[in-house]
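Observations on the model geometry
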Amino acid sequence: MKIFTSAQIHELDKYTIEHEPISSLNLMERAAKALKRAIEEEWSNRTPVVVFAGPGNNGGDALAVARMLSEDGYDVSVYLFNVQNKLSADCLANKKRLLDAKRVKFTEITTNLDPPKLNAETLVVDGLFGSGLNKPLAGGFAAMVKYINQSPAKVVSIDIPSGLMTEDNSYNIHANIIRASLTLTLQQKKLSMLMADNQQYLGRLRVLDIRLSQEFIQNTECQCRILEENDIRPLLKSRSDFAHKGSMGNALLIAGSYGMSGASVLATKACLRTGAGKVTAHTPKRNYEIMQISVPEAVLQMDAEETIFSEPVDTEMFDALGVGPGLGQNETTAIALIAQLRRATCPLVIDADALNILSSHRAWMQQLPKNIIMTPHPKEFDRLAGNASSSCTERLMKASELAERLQAYIILKGHYSALCHPDGKIDFCSTGNSGMATAGSGDVLTGIITGLLARGYKQEDACRLGMHLHGLAGDLAAKDLGKESLIASDIIQYLPKAFLRLEE
Ligand SMILES: NC(=O)C1=CN([C@@H]2O[C@H](COP(=O)(O)OP(=O)(O)OC[C@H]3O[C@@H](n4cnc5c(N)ncnc54)[C@H](O)[C@@H]3O)[C@@H](O)[C@H]2O)[C@@H](O)CC1
Ligand SMILES: Nc1ncnc2c1ncn2[C@@H]1O[C@H](COP(=O)(O)OP(=O)(O)O)[C@@H](O)[C@H]1O
Ligand SMILES: [K+]
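Bear in mind that the values here come from a model prediction, so they are computed numbers and not experimental data.

**Section: the site of ligand 2**
- Around ligand 2, the structure places 19 residues, and the nearest of them are His415, Gly432, Ala437, Ser441 and Gly442.
- For the shell around ligand 2, a count of residues per class yields 5 nonpolar, 12 polar and 2 charged.

**Quick notes on the site of ligand 1**
- Taken together, 30 residues sit near ligand 1, with Gly56, Asn57, Asn58, Gly130 and Gly132 positioned nearest.
- Those elements that provide at least two residues to the shell around ligand 1 are helix H1 (6-19), helix H2 (24-42) and helix H3 (57-71).
- Top element by residues in the shell around ligand 1 is H3. It accounts for 5 residues.
- Of the residues belonging to the shell around ligand 1, the class tally is 14 nonpolar, 12 polar and 4 charged.

**Observations concerning the sheet that holds strand S6 (residues 154-158)**
- With respect to topology, 7 strands assemble into an open sheet ordered S4-S3-S2-S5-S6-S7-S8, the strand pairing being parallel. Edge positions in the sheet fall to strand S4 (105-109) and strand S8 (204-208), since each of these pairs with one other strand and no more. Put simply, the sheet's adjacent strands are angled 15° from each other on average, direction ignored.
- Relative to strand S3 (residues 76-81), strand S2 (residues 49-53) runs parallel, the two being bridged by 5 bridges. By the bridge assignment for S3, Val49 is matched with Val76.

**Brief notes about the UniProt feature "domain: YjeF N-terminal" (unreviewed entry) in the chain**
- Under the present numbering, the feature "domain: YjeF N-terminal" (unreviewed entry) in UniProt falls on residues 9-218.
- The distance separating the terminal C-alpha atoms of residues 9-218 is 13 Å; by composition the span is 38% helix and 17% strand.

Rules behind the numbers
- Residues numbered from 1 in each chain as written.
- Chains lettered and ligands numbered in written order.
- Predicted model: local features only at pLDDT ≥ 70, side-chain atom pairs only at ≥ 80, totals over all residues.
- Near = placed C-beta within 6 Å.
- Nonpolar A, V, L, I, M, F, W, Y, C, P; charged D, E, K, R; others polar.
- Helix = DSSP H or I, 4+ residues; strand = E, 2+ residues; numbered from the N terminus.
- Pairing = 2+ DSSP bridges.
- Axes fitted to C-alpha atoms, helices over the stretch in contact; angles between N-to-C directions.
- UniProt positions renumbered as here; feature names shortened; annotations may be inferred.

Structure, rendered in structure tokens:
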């Protein structure tokens, strides 16, 4: 699913009207029908409905929904904000249709509003502003939003909670954004809806298909998209009947230190489960028995040190290297790591402590080879960037800039993990769930991506497929085991099922 900007959404709307046999007003009618249906699925016509409509097309949608709900027996009161005495053409047309229908209590606000009582039974339909919002809400609109938010009423937002920007909300006034119980967004998710810090406004999110021009959608380039199963399936490589372990990729993982051997176990197992022919784990001597017993399929290469990674290793015989999980940040390890990164001849994934070490030796970042894959979680990314971001969108933009500057692939992990490409494009992962918020999940991802690189996937495909498989395995595990009890090992256990699902 492509993520269009508000300017592109406007173009899409226009293109649909110009190229398909539908007028602007009928497109609004189509959107309103879809919205009405979704509302009626959740609330019966015994629910009193209060509709707040703004002066643009979001308000137009709201007025059309008000008319349709009233036709279906709902008790509807409408407040239309028209303080500048200027309504969009379709908003005005829907005002007329609503008044002609003579079924709703209608108030047009031109100066001040004495706000209606909103109690726990009331359903508020929020159609103040949609994708046309261009600055934070202020004045009467801000007061109205605060009034709705402090009321016990349930709120359903049309397209986007009013006050929330489609893209960047770093400089928004957060108290002046509607907190919806349900957001019914039209055609596609907006960028701001993928950010963790905006979830508090959205409530439950549903996307309603209003059949905007597929031609425009297919032919329009965009920076961001959400990867779906259909995007991922074609990436899968087949396995030749004559495959042997020497042809299925040779992976090396440098992971684990004393007390963190588990990270090495998890990454190594995940790497094997991803199909690599051979996996070698380089780890401190003290982890020997743990590794040998936990992952008998792996080859072990012991570090000279008992408890830490202390010297770089030759990577010539390997097809991929993953480094970082449970590595620790000892100064000797830091020096060994940078030497290792300089010396590596194969595709590389760096994660966890390898990223933390880079954060405290930032000058080294300039020496990273091109096309390196980094998999920071938000805190690791903030350390890497040198300062915390004021919002998730700002962090994402910084990650995208860093990926361009370093010509690297950066996966900013979280719900909707974001893969930032060296060319500035961003792919969001659609799989994964909150059960995966458990220690070790990231180590599993490192193992998976390293395994895919070893199997011969290009960096960008290893990242896309790796994120998707990781999340899908987590989703399949959560289906059987629930989210609460899910642990990182379960993600590995369900990798085979995730592959089977993609191969179906
Ligand atoms: N693109 C689509 O797919 C479709 C969009 N539709 C609806 O149209 C909406 C977009 O409509 P519009 O482009 O008219 O935009 P809006 O309805 O979001 O609002 C635009 C109006 O608000 C003003 N405005 C912006 N920020 C303001 C602020 N902070 N304070 C006060 N006024 C402010 C603008 O100057 C403009 O007059 C969508 O969100 C959706 O609800 C649907 O009708 C059908 C199809
Ligand atoms: N709520 C969530 N939804 C989807 N995926 C999640 C969620 N929480 C965590 N994950 C995934 O789990 C992994 C956690 O990685 P990380 O924080 O590095 O864990 P650790 O360091 O313990 O291994 C990431 O890939 C992340 O995308
Ligand atoms: K809205």
